[in-house]
Amino acid sequence: MAASSASSPSIFFIFVCILLILIVPVAPKNETDFKPMQELKKLKRIRSHLKKINKPPIKTIQSPDGDLIDCVLSHLQPAFDHPKLKGQKPLELPLERPKGHNSSDENIDTFQLWDCPKGTVPIRRTTEGDVLRASSLKRFGRKVIRRVRRDTASGGHEHAVAFVNGDQYYGAKASINVWTPAVTDPYEFSLSQLWVISGSFGNDLNTVEAGWQVSPELYGDGYPRFFTYWTTDAYQTTGCYNLLCSGFVQTNNRIAIGAAISPRSSYKSKQFDIAIMIWKDPKHGHWWLQFGSGLLIGYWPSFLFSHLQRHASMIQFGGEIVNSRSRGYHTSTQMGSGHFADEGFGKASYFRNLKVVDWDNSLLPLTNLHLLADHPNCYDIKAGKNNVWGDYIYYGGPGRNARCQ
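The structure displayed is predicted, hence computed values, not measured ones.

**A few points about the overall build of the protein chain**
Piece 1. What the protein chain contains, in helices and strands, is five helices and 18 strands.
Piece 2. For the protein chain, the proportion of its 405 residues judged to be buried stands at 52%.
Piece 3. Across the protein chain, every contact between residues at least 6 apart in sequence was considered, and the portion connecting residues at least 24 apart equals 74%.
Piece 4. When the accessible surface of the protein chain is summed, it comes to about 18700 Å², and 56% of that surface belongs to carbon and sulfur atoms.

See below:
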């Protein structure tokens, strides 16, 4: 009996040790590196940055999709943090639009309009969550460093685009079909846009860009959103999306750049598009952005640029996605509607009424249009022309499929 009772505590001790090993969680490797002081410093930097770009509003509006839209005095918007704009106010709207501009077939039904007071501009408020989703505070609000479109080695970026080059261009215009493509990785995006480009495809590349994009990293959701972009050094250290740095000057008090576009197109159902025009004002030389039927959104000051101070050397229309291959194979992120160009109207995404602005500030049809799909088994493109749509393209695709691995 004595031997039996003496062994009981040791058996019980062994049982407790085994139980503790089984139930005490082991911290994953990436959590063992958690450093509270570094995290606090990071949050402090983020909050300081948010204070810089989120200007004090005189009115705030809650959007149906969860955004906060701040009505900010126009001369206090982020653009006026730029040394060359400090103390100034937005320019008066240009009196002259490009000749040949016809807004009769355009509307602004596919957008959210805000009722900000006169003298203010609506700005989507940036949150801590928005910044924390970025790879770093330095890269927040910026595209990944890459080439725009020169060859197929585009660092994970894939395109289906139409472009013109070989001349001097002073703007462009198109109506862009709006869809909600699936983006299957949080660090990928899908966009459809117009590029105005100058410089070489090296470090001196200048662009101004506008269109719609689905970007879970930037916005935290899967809605298509109206966006702008600019760079003067091939996406390295200059430029940003929307109003996330000093650059683009907004003048419109009804449209928030970065807000969701609604309604959107549906497969074999009703189609919606947005008209976008970018052109260089002959009087002051700034690049203006127009949305829909004559609504001026604002301008990129010419002093931001080197080559674009004079003119553009290429205009590009189409789609772009990021293929991160995070699962070891091609992404299933969709471009456009997620369907190939051959499917046509109501199924494939389109750009219609493609035009460029010439030296005389006239809108002209395209000449010598080139097409490029750098991964045509994943996303493709085709062009056409008729009396109603003028020059047009269908483009896009599903990404990963039997021919796209």
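**Notes on helix α3 (residues 36–53)**
Piece 1. Taking 1.5 Å as the rise per residue, α3 with 18 residues should run 26 Å; its terminal C-alpha atoms sit 26 Å apart, in good agreement.
Piece 2. Where α3 is concerned, the buried positions are I46, L50 and I53. Buried residues in α3, looked at end-on, bunch into an arc of 70°, giving them a common side. Looking at α3, the residues exposed on the side facing more than 90 degrees away from the buried face are M37, L40, K41, K44, K51 and K52.
Piece 3. Looking at the buried positions of α3, the neighbouring elements they touch are α4 (128–132).

**Remarks on the state of the cysteines**
Piece 1. Counted by the stated rule, this structure contains three disulfides.
Piece 2. Between the sulfur atoms of C378 and its disulfide mate C404 the distance is 2.0 Å. On the S-S bond that ties C378 to C404, the torsion sits near 95°, and the link is right-handed. Residue C378 is found in the loop between β16 (370–373) and β17 (380–386), and its partner C404 is found in the segment after β18 (390–396); the two are separated by 26 residues along the sequence.
Piece 3. Here the cysteine-cysteine linkages of the protein chain are recorded as 1-2, 3-4, 5-6, numbering only bonded cysteines and doing so in sequence order.

**Brief notes about unusual backbone geometry**
Piece 1. Of the consecutive residues S262 and P263, the connecting peptide bond is found in the cis state with omega at 0°.
Piece 2. Tracing the sequence through the fold places P263 in the loop between β9 (249–250) and β10 (273–280).
Piece 3. Positive phi outside glycine occurs at A234, with the angle close to 60°.

**Observations regarding the environment of S332**
Piece 1. As for its placement among the helices and strands, S332 is situated in the loop between β13 (312–322) and β14 (349–357).
Piece 2. Sequence-distant contacts of S332, that is, excluding residues within four places in its chain, are made with A182, T184, P398 and R400.

**Quick look at the environment of I53**
Piece 1. Take I53: it is sitting in helix α3.
Piece 2. By relative accessible area, I53 is classed as buried at 7%.
Piece 3. I53 sits 193 residues away from S246 along the chain, and the two C-alpha atoms are 8.8 Å apart.
Piece 4. Setting aside chain neighbours within four positions, we find I53 in contact with P78, T126, F140 and L244.

**Notes on the sheet that holds strand β3 (residues 120–124)**
Piece 1. Reading across the sheet, the three strands line up as β1-β2-β3 and stay open at both edges, with antiparallel pairing between neighbours. Both outer strands of the open sheet, β1 (59–62) and β3, are each paired with one neighbouring strand and no more. Strand after strand, the sheet turns through a mean of 25° between neighbouring axes, direction not considered.
Piece 2. As paired strands, strand β2 (residues 68–73) and β3 are joined by five bridges and run antiparallel to one another. Note on β3: the bridge partner recorded for I69 is R124.

Rules of the game
- Residues numbered from 1 in each chain as written.
- Predicted model: local features only at pLDDT ≥ 70, side-chain atom pairs only at ≥ 80, totals over all residues.
- Heavy atoms only, no water.
- Helix = DSSP H or I, 4+ residues; strand = E, 2+ residues; numbered from the N terminus.
- Buried < 20%, exposed > 50% of the residue type's maximum accessible area, 1.4 Å probe, protein only.
- Contact = heavy atoms within 4.5 Å.
- Areas by Shrake-Rupley, 256 points an atom, 1.4 Å probe, with all protein chains shown as cover.
- Expected span 1.5 Å × (residues − 1).
- Arc of directions from axis to C-beta.
- Disulfide = S-S within 2.5 Å.
- Pairing = 2+ DSSP bridges.
- Axes fitted to C-alpha atoms, helices over the stretch in contact; angles between N-to-C directions.

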